[in-house]
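Summary of the model geometry
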Amino acid sequence: MLNLLFGILLSIELFGFQDTAKVQKEAPVHSHLEQKITYRLHQDYSLSVVDEKSLTILSAEGLKHGMVVLGFNNLQDIKDFQLEMIEPLGGKTIKKARLKDMTERAVSSSDFLLDDRYKYFELSATRYPVLVKIRTEILKKSNFYYPEWMPVKSNYQKVKESTLIFHYPTEMGLKFKELNLTGTKETKEEGGITTMIWTEKDLEVQTPSFDLEMDPKLLLAPVKFAVNEFQGEIMIGLD
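Residues numbered from 1 in each chain as written. Predicted model: local features only at pLDDT ≥ 70, side-chain atom pairs only at ≥ 80, totals over all residues. Heavy atoms only, no water.

1. With respect to the pattern of salt bridges
- Going through the model one piece at a time under the given rule, you end up with 12 salt bridges.
- Measuring nitrogen to oxygen at the nearest pair gives 3.4 Å for the salt bridge that ties Lys100 to Asp101.
- Of the charged contacts in the structure, one is a salt bridge between Lys119 and Glu104, with a shortest N-O distance of 3.0 Å. Placement of the pair is Lys119 in strand β7 (residues 117-121) and Glu104 in strand β6 (residues 103-106), with a sequence separation of 15 residues.
- Here Lys119 falls in the buried class, since its relative accessible area comes to 17%.
- Among the residues examined, Glu104 registers a relative accessible area of 32% and is labelled partly exposed. (Salt bridge = Lys/Arg side-chain N within 4 Å of Asp/Glu carboxyl O. Helix = DSSP H or I, 4+ residues; strand = E, 2+ residues; numbered from the N terminus. Buried < 20%, exposed > 50% of the residue type's maximum accessible area, 1.4 Å probe, protein only.)

2. A word on unusual backbone geometry
- Residue Pro129 is reached from Tyr128 by a cis peptide bond, and omega for that bond is 0°.
- Its location among the elements puts Pro129 in the loop between β7 and β8 (130-140).
- Backbone geometry places Tyr45, a non-glycine residue, at a positive phi of 75°.
- In this fold, Tyr45 is placed in the loop between β1 (31-41) and β2 (47-57).
- Taking relative accessible area as the criterion, Tyr45 reaches 13% and is therefore assigned buried.
- Located in the positive-phi region is Asn180, a residue other than glycine, with phi close to 60°.
- Residue placement: Asn180 occurs in the loop between β10 (174-179) and β11 (184-190).

3. With respect to the side chain of Lys175
- Here Lys175 lies in strand β10.
- Of the side chains with opposite charge, Glu233 lies nearest to the buried Lys175, which makes no salt bridge, at 7.4 Å.
- Once you skip the residues sitting within four places of it in the chain, Lys175 turns out to touch Leu219, Leu220, Ala221, Pro222, Val223, Ile234, Met235, Ile236, Gly237 and Leu238. (Lys, Arg positive; Asp, Glu negative; His and termini not counted. Contact = heavy atoms within 4.5 Å.)

4. Digging into the sheet that holds strand β4 (residues 76-86)
- An order of β5-β4-β8-β2-β1-β9-β12-β11 is seen for the 8 strands of this open sheet, with the pairing classed as mixed. Among the strands making up the open sheet, the edge pair consists of β5 (93-98) and β11. Across the sheet, the axes of successive neighbouring strands diverge by a mean angle of 10°, strand direction being ignored.
- In the sheet, strand β9 (residues 157-169) pairs with strand β12 (residues 193-201) via 9 bridges, with the strands oriented antiparallel. (Pairing = 2+ DSSP bridges. Axes fitted to C-alpha atoms, helices over the stretch in contact; angles between N-to-C directions.)

5. Things to note about the pairing of β8
- Two elements, β2 and β8, share 11 bridges in a ladder whose sense is antiparallel. Bridge pairing in β8 links Leu47 to Lys140.
- Where β4 meets β8, 10 bridges bridge the pair, whose relative direction is antiparallel. Note that in β8 the partner of Gln82 across the bridge is Arg135.

6. Here's the deal with the environment of Lys79
- Secondary-structure assignment places Lys79 in strand β4.
- You can call Lys79 partly exposed: its relative accessible area is 48%.
- Along the sequence, Lys79 and Val50 sit 29 residues apart, while their C-alpha atoms lie 9.5 Å from each other.
- If sequence neighbours within four positions are ignored, Lys79 has contacts with Glu137, Ile138 and Leu139.

Structure below.
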C-alpha cells in the first residue's frame, strides 16, 4: 500500500513538473495582431498599399508593436494615416491620431536625389489591455520593387490572422516565391484584373532565438515595371 501511494505521489510530481516546464518554454505574449495589407497595381505602374491592422496590446512591452513608421521621397507619397485607441471592454475611444499628428524626420542617406524622409507615431497607454486600430496608405510611383510580406513582424506577438491581397492588371504579371507559408492562397481573375490572396492564421510566437530561416514570408517582384520614363520587363524568376 505504501509503495502504491508513493508511486501515485511520484507520478503527480512528475506530471506537475512536466506541465511547469512546458509553461516555462512558452514565449510571453505582449500583443495580438490581425492585419490585412492590400496592394493595387495601376496601369500607370504606380502601386497603392493600404495596411489595416487591429492590435490588442496586453502590456507596456507591447506598445512598440504599434509604432508606425512611414517613409516618403520623390518616388513614394504618404496618402493617409488613421489611428484609434479603444478600451476593449466598454468600446470607449481613448485616443485618435491622424497624419498631422505624426513626427517627421530626415533619413541619413548618401543619395541626395531621393531626399528620403519618414514620419512616425509612437503609442502610449496607462492601462491594459487596449485595442488599437491603424490604417495607413502609401502610393509608390514606381513598381520596380515590391516589399516582401512577412506576417510575423515582432517578437512576443501573437499573429492571429494576417492577409495579403494583391490586385494587378493580368497582362502586367506578378512573380512570387513562398517560403514556409502554411495558410491558404486564392487566385481570381475578372475584367482583366487578377487578384491573389494569401492568408496565414495562428502563427507561432517568435523570440529573439527563433530560426529566421523558418520565418514565413512571401517574396514578390514585377514582370513589367517602370521607373520614371523607363519601362522594362523582368525575365528571370525569384531565387
